[in-house]
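# Residue-level structural notes
Below are the chains, spelled out letter by letter.
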Amino acid sequence: MESAIITGKSKKDIQLLLNIAEKMGMKARILTKDDLEDIGMAKAISEGNTGDLIDTDEFLKTLK
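Let me sum up the structure you'll find in this document. No experiment lies behind these values; they were computed from the predicted model shown. (Residues numbered from 1 in each chain as written. Predicted model: local features only at pLDDT ≥ 70, side-chain atom pairs only at ≥ 80, totals over all residues. Heavy atoms only, no water.)

Okay, the pattern of salt bridges next. Pairing is possible between side chains of opposite charge, provided their charged atoms come close. Per the stated rule, a full pass over the model turns up 3 salt bridges. The residue Glu47 makes a salt bridge to Lys43 at a minimum N-O spacing of 3.3 Å. With Glu47 and Lys43 both in helix H2 (residues 33–48), this residue pair falls 4 residues apart, about one helical turn. Each of the two residues, Glu47 as well as Lys43, counts as exposed. Glu58 serves as the salt-bridge partner of Lys61, at 3.7 Å between the closest nitrogen and oxygen. Of this pair, Lys61 and Glu58 are both found in helix H3 (residues 56–63), 3 residues apart, which corresponds to roughly one turn of the helix. (Salt bridge = Lys/Arg side-chain N within 4 Å of Asp/Glu carboxyl O. Helix = DSSP H or I, 4+ residues; strand = E, 2+ residues; numbered from the N terminus. Buried < 20%, exposed > 50% of the residue type's maximum accessible area, 1.4 Å probe, protein only.)

Structure representation (structure tokens):
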């Protein structure tokens, strides 16, 4: 399965693309702001998950 995220400034244009996708037999929906935040968080977690352990005390010092 392949996916695409398309952003635009016009609700009318986005709706047209959704209609075209549905006519082509594809599933399409508008993502909410929460959906986009969840995708961003998942990407950040994935990129930051190196498997390396860090020193907790040193990390806490960097937060101060």
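On the surface, a cluster of nonpolar side chains totalling about 600 Å² of accessible area is made up of Ile6, Leu16, Leu17, Ile20, Met24 and Met26. Residue placement: Ile20 occurs in helix H1 (residues 11–23). (Patch = residues over 30% accessible without salt bridge, like charges linked within 9 Å, V, L, I, M, F, W, Y side chains within 5 Å. Areas by Shrake-Rupley, 256 points an atom, 1.4 Å probe, with all protein chains shown as cover.)

Moving on: the environment of Lys12. Relative to the elements of secondary structure, Lys12 occurs in helix H1. Of the residues examined, Lys12 reaches a relative accessible area of 70% and is grouped as exposed. Sequence-wise, Lys12 and Gly48 are 36 residues apart; in three dimensions their C-alpha atoms are separated by 37 Å.

Don't take any of this as a statement about function, it's just geometry.
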